[in-house]
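Coordinate inspection notes
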There are 2 protein chains.
Amino acid sequence: MPRRPTVYDVAERAGVSIATVSFTFRQPERVRESTRAAVLVAARELGYVPNASARGLAHGRTGALGLYSFDLMLAAPQQGADGAAPAGDADDLDPDADPRAFPLYVDEVQRGYELECWQRGQALLLSSGSGSGASVTEVAGRVDGLAVFPGPTPVGTLEHVARRIPVVAFSIPPVADGLHHVTVDNRAGMRDLVGHLVGDHDLRDLGFVGRLTTPDYAERFAGFREAVAAAGLDAPAEPLDPTDLAEPHRFEVVASLAAEDRLPRALVCASDQLALAVLDLLAARGVPVPERVVVTGFDGILAGRLARPTLTTVRQPMAAMGRLAVQVLVRHAGAPAEEPESHLLPVRVVRRESCGCPPALA
Amino acid sequence: MPRRPTVYDVAERAGVSIATVSFTFRQPERVRESTRAAVLVAARELGYVPNASARGLAHGRTGALGLYSFDLMLAAPQQGADGAAPAGDADDLDPDADPRAFPLYVDEVQRGYELECWQRGQALLLSSGSGSGASVTEVAGRVDGLAVFPGPTPVGTLEHVARRIPVVAFSIPPVADGLHHVTVDNRAGMRDLVGHLVGDHDLRDLGFVGRLTTPDYAERFAGFREAVAAAGLDAPAEPLDPTDLAEPHRFEVVASLAAEDRLPRALVCASDQLALAVLDLLAARGVPVPERVVVTGFDGILAGRLARPTLTTVRQPMAAMGRLAVQVLVRHAGAPAEEPESHLLPVRVVRRESCGCPPALA
DNA sequence: TTGTATGCGTTATCAC
DNA sequence: GTGATAACGCATACAA
């Protein structure tokens, strides 16, 4: 197989120097019409495609922004608890097409990131890995700026990378780590949600579901406690059911309470995914939602609209988060984070059927 | 701002040569324990991040696969016909979050592409543009293989690129163009769908909606005609309503037929997006679906499950298409397409409410 | 307007 | 086990 042609090959064929070839592509107006034509013809005949690595090396920039995610998220369970089949079409032709698995929170943020990149003509490098320092550093070397989802990446690695290119961290509380931060107001969202349950639905017995494995979840639980206390109710010190969807033995507490009919009036879940799994579990056991127990989520993923009952939740402005990250990176292009930016975006309660609100008008 | 540190800086600081630094990262076992440690410390202190451009240049590969889409798809209309508001939550916080706009066909294919890349530890470069030869060539220079959605890209450009790296074209009928092809069986899908409408619902008056702007649509219309003819009915020479969602003056024929109550018994649409817009239009005019007129789509996007009535459609194995593309590219890595692969994937009719089938059990 | 020469940061091939 | 050194393909200051 012939070697990929280079500027040298094109130059030789067109009878010009390599500089002229380069000019023809980068600054066409600087080159005489006839010369340009000759170069373009030669390039076409040879099948010349400029090498971005060489260009990036010479120019000092790659022209791409990066987005790093974690494999772990891919390993998310596909089945509801207790083997309850997800509602809707089984789709044996396309096992990846499950609204419970896509689009999720990260996917919608990524969507916003993509849109903003595209509008700016920026290339986007998507990468994922275990979160090891090595794999993050790997991407970092390929891009002019990097956004990272929360995960097991050692903070040291991120700080390390942030010394060389701007880095945006999603959903991690801002600290003085040299990273830019894009977060949402989890506490306020949870306060509003609980306020709705207590104020509008007059519920007085609420339990929190979910293990506090991420800063987001921890903040949501904090907001939950604040709101419950503010309503004059007893704020629990810990979640009622500390289920982590990534682990086995899920919803043991909820299940046993359901068996004894001792469930609280509301199960406030740390995420939509948790809430949907809880809905499955309750449905399998014949516990009516919202009549016997109200269930709420957090995030606002699409699957919540497909569930029955539809899921009351708190929606994050996911696409906006992604867009904002790109804007921050572009703003700081070329320079590492001297003065890191911190952004706290608002969230909004979305009332649907699972809290007892009436179905939305069609 | 200090220059990004290089192997030279690390080598100097660690008191070794640059070769040793390189070995430390690429073949740690070839380097003495103590030396390795010294290098790693120096790298950490300096904030060293290997430059992928330089690496790619020296090594001859970028280590990334590309996926090219078109801006045009982003400019898709967000509103239903006649200003009919889409059902569901208005979401003023996050205007990009509309299930009618995401995830679409391309997004689910992309999803599959991502999953396969991730599982293989491949970086993925996403890019989009007008489809001009320049922008496609641009990406091509950055990757070891490229997949492209159908669009206005000059075929010559793709062939040009395909001479240097493997290229997969989605949803374009295979021709001898040096490209690999991943397509679905549009004709069979449409035949099955029409067979269901005619055979199971006993409909004898069917109209096709959509302009034949893409090869996919043209094949679907061809399949429609075949099936209609096979049922002993008159096969139209052209679509009943040649609406192109990308253009104004949409559904003029459907609208006027609706006004005169002369609609056929079924409107078979070229895509889900068209079908959803038709549902909006009919709802706004008070035409009951499926009682007065049956509506069907094609693709199997998520929004079809959120519509009321839920949308009967033909589902493409979108994620599988994306995964397959990556597999093809990896298989041909390093070499341009000597013997292009052609893949035709099966599709499946998904029966929902808009054709008169009963709602799926919850 | 076009050609010459140099640097960009790594990898890899040699010697040592 | 480690150190020189030559590519890799392009952009660009400078010269012509």
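These numbers come from a predicted model, not from an experiment.

Cut-offs and rules
- Residues numbered from 1 in each chain as written.
- Chains lettered and ligands numbered in written order.
- Predicted model: local features only at pLDDT ≥ 70, side-chain atom pairs only at ≥ 80, totals over all residues.
- Heavy atoms only, no water.
- Helix = DSSP H or I, 4+ residues; strand = E, 2+ residues; numbered from the N terminus.
- Rg over C-alpha atoms; globule rule 2.2 N^0.38 Å.
- Buried < 20%, exposed > 50% of the residue type's maximum accessible area, 1.4 Å probe, protein only.
- Least-squares fit on C-alpha atoms with pLDDT ≥ 70 in both.
- Contact = heavy atoms within 4.5 Å.
- Pairing = 2+ DSSP bridges.
- Axes fitted to C-alpha atoms, helices over the stretch in contact; angles between N-to-C directions.
- Phe/Tyr/Trp six-rings, centres within 6.5 Å; stacked < 30°, edge-to-face > 60°.
- Lys NZ or Arg CZ within 6 Å of the ring centre and 35° of its normal.
- Buried area = accessible area lost by both parts, 1.4 Å probe.
- Salt bridge = Lys/Arg side-chain N within 4 Å of Asp/Glu carboxyl O.
- Polar contact = N/O pair within 3.5 Å; in protein donor to acceptor, adjacent residues only side chain to side chain.
- Disulfide = S-S within 2.5 Å.
- Near = heavy atom within 4 Å.
- Nonpolar A, V, L, I, M, F, W, Y, C, P; charged D, E, K, R; others polar.
- Right-handed = clockwise from strand over helix to strand, strands pointing away.
- Domains from an automatic or database assignment.

Let's shift gears to the overall build of chain A. The helix and strand inventory of chain A stands at 14 helices and 11 strands. Taken over the C-alpha trace, chain A has a radius of gyration of 26 Å; the compact-globule value for 362 residues is 21 Å, which it surpasses by more than 25%. With respect to the principal axes defined by its C-alpha atoms, chain A has extents near 85 × 50 × 40 Å. Buried residues in chain A amount to 56% of all 362 residues.

Residue Pro103(B) is bonded to the preceding Phe102(B) through a cis peptide linkage, with omega at -5 degrees. Within the secondary structure, Pro103(B) sits in the loop between helix 5 (71-74) and helix 6 (105-119). Cis geometry is adopted by the peptide bond preceding Pro290(B), which originates at Val289(B) and carries an omega value of 10 degrees. Within the secondary structure, Pro290(B) sits in the loop between helix 12 (272-284) and strand 8 (294-296). The backbone phi angle of His249(A) is positive, close to 55 degrees, even though this residue is not glycine. If you trace the backbone, His249(A) turns up in the loop between helix 10 (215-230) and helix 11 (252-259).

On to the relation of the copies chain A and chain B, then. The two copies are related by a screw motion: chain A maps onto chain B through a turn of 180 degrees and a shift of 0.0 Å along the axis, at an RMSD of 0.1 Å. This pairing of chains is accounted for by a two-fold axis. Comparing interface residues between copies, 100% of those in chain A also lie at the interface in chain B; the contact surface is shared.

What follows covers the sheet that holds strand 5 (residues 180-184) of chain A. Sheets are built from strands paired through backbone hydrogen bonds, the pairs being either parallel or antiparallel. Overall, mixed pairing links the 12 strands, which are arranged 10(A)-5(A)-4(A)-3(A)-1(A)-2(A)-2(B)-1(B)-3(B)-4(B)-5(B)-10(B) in an open sheet. Where the open sheet ends on each side, the last strands, each with one partner, are strand 10 (342-345) of chain A together with strand 10 (342-345) of chain B. Adjacent strand axes in the sheet meet at a mean angle of 20 degrees, parallel and antiparallel pairs treated alike. Inspection of the sheet shows strand 1 (residues 64-70) of chain B paired to strand 2 (residues 123-129) of chain B by seven bridges, in the parallel sense. By the bridge assignment for strand 2 of chain B, Ala64(B) is matched with Ala123(B). Of the strands in this sheet, strand 1 (64-70), strand 3 (145-148), strand 4 (167-170), strand 5 and strand 10 of chain A are in contact with helix 14 (residues 318-331) of chain A, which crosses strand 4 of chain A at around 160 degrees.

With that settled, the discussion passes to the packing of aromatic side chains. Centre distance and the angle of the planes are the two values used to describe a pair of aromatic rings. All names here are of chain A. According to the stated counting rule, one finds 15 aromatic pairs over all chains in the structure shown. Arranged with centres 6.1 Å apart and planes meeting at 20 degrees, the rings of Phe-221 and Phe-224 form a pair that is stacked. Placement of both Phe-221 and Phe-224 in helix 10 is noted, with a separation of three residues, approximately one turn of the helix. Since its relative accessible area comes to 5%, Phe-221 is described here as buried. What links up through ring pairs into an aromatic cluster is the set Tyr-105, Phe-149 and Phe-170. Across the ring face of Phe-23, the terminal group of Arg-30 is positioned such that the distance to the ring centre comes to 4.1 Å.

Attention now moves to the interface of chain A and chain B. With 83 residues of chain A at the contact, the number on the chain B side is 83 residues. The largest share of the area that chain A buries against chain B comes from Trp118(A), Arg164(A) and Arg305(A), three residues that together contribute 11% of it. Across the salt bridge formed by Asp107(B) and Arg111(A), the nearest N and O atoms sit 3.5 Å from each other. The interface formed by chain A and chain B includes 19 residue pairs in polar contact (both at pLDDT 80 or more). Here the side of chain A that touches chain B gets seven residues from one element, more than from any other, and that element is helix 6 (residues 105-119) of chain A.

All names here are of chain A. In this structure the tally under the stated criterion is zero disulfides over all chains. No disulfide involves Cys-355; its sulfur sits 3.6 Å from the nearest other cysteine sulfur, which is in Cys-357. Taking relative accessible area as the criterion, Cys-355 reaches 2% and is therefore assigned buried.

This paragraph deals with the pattern of salt bridges. Side chains carrying opposite charge are able to pair once their charged atoms draw close together. Residue and element names in this part refer to chain B. Evaluation of the coordinates by the stated rule reveals 28 salt bridges over all chains. A salt bridge links Glu-108 to Arg-315, with the nearest nitrogen and oxygen atoms 3.2 Å apart. With Glu-108 in helix 6 and Arg-315 in strand 9 (residues 313-315), the pair connects residues that are 207 residues apart, well separated along the chain. Of the residues examined, Glu-108 reaches a relative accessible area of 7% and is grouped as buried. Given a relative accessible area of 8%, Arg-315 falls into the buried group. Its salt-bridge partner being Arg-262, residue Glu-260 comes within 2.6 Å of it at the nearest N-O pair.

Our focus in this paragraph is the sheet that holds strand 8 of chain B. All names here are of chain B. With respect to topology, three strands assemble into an open sheet ordered 6-7-8, the strand pairing being parallel. Of all strands in the sheet, those bounded by a partner on one side alone are strand 6 (206-209) and strand 8. Averaged over all pairs of adjacent strands, the angle between strand axes in this sheet comes to 20 degrees, irrespective of strand direction. Sheet topology places strand 6 next to strand 7 (residues 266-269); four bridges connect them, and they run parallel. Across the sheet, residue Val-209 finds its bridge partner in strand 7, namely Cys-269.

Around DNA strand C sit 26 residues, and of these Thr20(A), Thr35(A), Ser22(B), Arg26(B) and Arg55(B) come closest. In DNA strand C, atoms within 4 Å of the protein come 69% from sugar and phosphate. Between DNA strand C and the protein, one listed contact pairs a phosphate oxygen with a side-chain N or O atom of Thr20(A) at 2.5 Å. Looking at the surface near DNA strand C, the elements with two or more residues in it are helix 2 (18-26) and helix 4 (52-59) of chain A together with helix 1 (7-14), helix 2 (18-26) and helix 4 (52-59) of chain B. Tallied by class, the residues present in the surface near DNA strand C amount to 15 nonpolar, seven polar and four charged.

Further remarks concern the pairing of strand 7 of chain B. All names here are of chain B. Burial along strand 7 is two-sided: Ala-266 and Val-268 and Leu-267 and Cys-269, pointing in opposite directions, are all buried. Here strand 7 pairs with strand 8 via three bridges, running parallel. Following the sheet pairing, Val-268 is matched in strand 8 by Thr-296. Crossover handedness for the path strand 7 to helix 12 to strand 8: right-handed.

Next up on the list: the domain arrangement of chain A. Under the domain assignment, chain A is made up of domain 1 (7-50), domain 2 (64-184 + 318-344) and domain 3 (186-316 + 349-355). For domain 1 of chain A versus domain 3 of chain A, the distance between C-alpha centres works out to 64 Å.

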